[in-house]
Amino acid sequence: MAVASTSLHTLSPPPLKPSLPNHSINPIHLPRLRRRRFASSRSAVTTKEQEFGAVAVLESASGRLEDSAAAAVSGGGGGEDGGGNEFGKGVDRAINAAIVLAAGSFAITKLLTIDRDYWHGWTVYEILRYAPQHSWFAYEEALKTNPVFAKMMISGVVYSLGDWIAQCYEGKPLFDFDRARMFRSGLVGFTLHGSLSHYYYQFCEQLFPFQEWWVVPMKVVFDQTMWSAIWNSIYYTVVGLLRLDSPITIYNELIATFWPMLTAGWKLWPFAHLVTYGVIPVEQRLLWVDCVELIWVTILSTYSNEKSEARIAETPAESTSSSETAELNSSSTSAKE
């Protein structure tokens, strides 16, 4: 019995363990979950790409608008604005050409008709032959009757021509010059240079009344130190005031260009003034000096206008760049939102 009970116990199956609830993922559902996770991550990436794409599109559109605006401003653009700009430039050229032609015609006519009261029986050859000589006699007569006004007229013409030459030297076309700039230079020459030079040369003769050989070098040194410094400062200051510059701006630019202007004159005037003070009579000196002034006014006008024109050109560029930066910042912020 004992053996039989033992064998029965041995042959009986082992008791089953209690089954626990299985919370693990069913393998059948794994592909579906993976697809959901991939789809969600893909949608997130797509959203980011759309945001960056929107920002890129806004920046590209802003860049195209800026390029088109710059092209319209620089090259005249297209449409009504470009046509209006070209029309305005054409009107300016026509006015400048009329001024040049009128002034040149008046000067040539005045020169050739100096003897019109005596033309009866004259040939063309005789008119052309005596016109320069009799024009010189008329100039000498004007120096006797009204010397200051005659010298003012000469300096006004020379300073206007000198500024025109300076603008052409700077690269502007022949009839695209700045009329206001040329008028300012001519006005300074007419009102100040002619009259001040008339009294300066008389003062210089009283300051150095000697006739020795060393007087001429002394006059040249005095001219190229004291008088040049005073006149260059006067010209620069008055031109700046006529441009409506502030006194601080005029002072700063005068300090920056004072020494270069003074030393630039030393390359030209010492040789010219050896003739001025050694050969030319006192009353005729300003005419000789004004002939040389055509070269000097070109240098003087360039120095006195280059800084102001550069400052005027930089101001719109700075304002445009700041406005463009603000627009880009606002567009990028709206795109991110």
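Everything below is about the structure printed above this text.
Here the structure is a predicted model, which is why all the values come from computation and not from measurement.

(A) Highlighting the overall build of the protein chain. Within the protein chain, the secondary structure is distributed over ten helices and zero strands. Going from N to C terminus, the protein chain has its helices and strands arranged as α-α-α-α-α-α-α-α-α-α. Counting over 337 residues, the protein chain shows a buried share of 28%. Long-range pairs, those at least 24 residues apart, make up 71% of the contacts in the protein chain with a sequence separation of at least 6. When the accessible surface of the protein chain is summed, it comes to about 22,100 Å², and 68% of that surface belongs to carbon and sulfur atoms.

(B) A look at the pattern of salt bridges. Evaluation of the coordinates by the stated rule reveals nine salt bridges. Ionic pairing is found between Asp92 and Arg179, a salt bridge with its closest N-O pair at 3.6 Å. On the criterion of sequence distance, the pair formed by Asp92 in helix H3 (residues 79-112) and Arg179 in helix H6 (residues 179-207) is long-range, its members being 87 residues apart. Several salt bridges share partner residues, and in doing so they unite Asp163, Glu170 and Arg181 into one network.

(C) Spatial organisation of the nonpolar core. Grouped together as the largest cluster of nonpolar side chains are 25 residues, with contacts concentrated most on Tyr200, Tyr201, Trp231, Tyr235, Trp269, Tyr277 and Leu300. When contributions to this core are tallied by element, the ones reaching two or more residues are H6, helix H7 (215-242), helix H8 (247-265), helix H9 (269-278) and helix H10 (285-336). Here the element with the most residues in this core is H7; it accounts for seven residues. Those residues in contact with Leu300 that lie beyond four places of it in its chain are Trp231, Asn232, Tyr235 and Met261. Grouped together as the second largest cluster of nonpolar side chains are five residues, Tyr139, Leu143, Ala150 and Ile154 included.

(D) Broad picture of the packing of helix H4 (residues 124-145) against helix H5 (residues 147-169). As a packed pair, H4 and H5 sit with axes 5 Å apart at the nearest point and diverge in direction by 125°. With respect to H5, the axis of H4 lies oblique. Residues Tyr139, Ala142, Leu143, Lys144 and Thr145 of H4 lie in contact with H5, whose contacting residues are Pro147, Ala150, Lys151 and Ile154. Taken together, the residues of the contact of H4 with H5 sort by class into six nonpolar, one polar and two charged.

(E) Local environment of the side chain of Asp290. Counting through the fold element by element, Asp290 comes out in helix H10. Buried within the structure, Asp290 lacks any salt-bridge partner; its nearest side chain of opposite charge belongs to Lys151, at an N-O separation of 9.3 Å. In contact with Asp290, not counting residues within four places along its chain, are Ile154, Ser155, Val158 and His193.

(F) Layout of the packing of aromatic side chains. Throughout the structure, instances matching the rule amount to 15 aromatic pairs. An angle of 50° between the planes, with centres 5.7 Å apart, marks the rings of Trp122 and Tyr130 as tilted. On the basis of relative accessibility, which here comes to 27%, the residue Trp122 falls in the partly exposed class. Look at Tyr130 and you get partly exposed, because its relative accessible area is 26%.

(G) View of the packing of H7 against H8. Two numbers describe how H7 lies on H8: the axes approach to 10 Å, and their chain directions differ by 140°. As the angle between them shows, H7 and H8 are arranged oblique. Considering how the two elements wind past one another, H7 and H8 form a crossing that is right-handed. Mapping the contact onto sequence places Gln224, Thr225, Ser228, Ala229, Asn232, Ser233, Tyr236, Thr237, Gly240 and Leu241 in H7 and Ile250, Glu253, Leu254, Thr257, Phe258, Met261, Leu262 and Gly265 in H8. Per-class residue counts for the contact of H7 with H8 are eight nonpolar, nine polar and one charged.

(H) Summary view of H5. Compared with an ideal rise of 1.5 Å per residue, which puts 23 residues at 33 Å, H5 spans 33 Å between its outermost C-alpha atoms and is within 8% of the ideal. In the segment just after H5, Gly171 is the residue with positive phi, at about 115°.

What counts and what doesn't
Residues numbered from 1 in each chain as written. Predicted model: local features only at pLDDT ≥ 70, side-chain atom pairs only at ≥ 80, totals over all residues. Heavy atoms only, no water. Helix = DSSP H or I, 4+ residues; strand = E, 2+ residues; numbered from the N terminus. Buried < 20%, exposed > 50% of the residue type's maximum accessible area, 1.4 Å probe, protein only. Contact = heavy atoms within 4.5 Å. Areas by Shrake-Rupley, 256 points an atom, 1.4 Å probe, with all protein chains shown as cover. Salt bridge = Lys/Arg side-chain N within 4 Å of Asp/Glu carboxyl O. Core = buried A, V, L, I, M, F, W, Y, C linked by side-chain atoms within 4.5 Å. Axes fitted to C-alpha atoms, helices over the stretch in contact; angles between N-to-C directions. Parallel < 35°, antiparallel > 145°, perpendicular 65-115°, else oblique. Nonpolar A, V, L, I, M, F, W, Y, C, P; charged D, E, K, R; others polar. Lys, Arg positive; Asp, Glu negative; His and termini not counted. Phe/Tyr/Trp six-rings, centres within 6.5 Å; stacked < 30°, edge-to-face > 60°. Left-handed = near helix turned anticlockwise from the far one by under 90°. Expected span 1.5 Å × (residues − 1).

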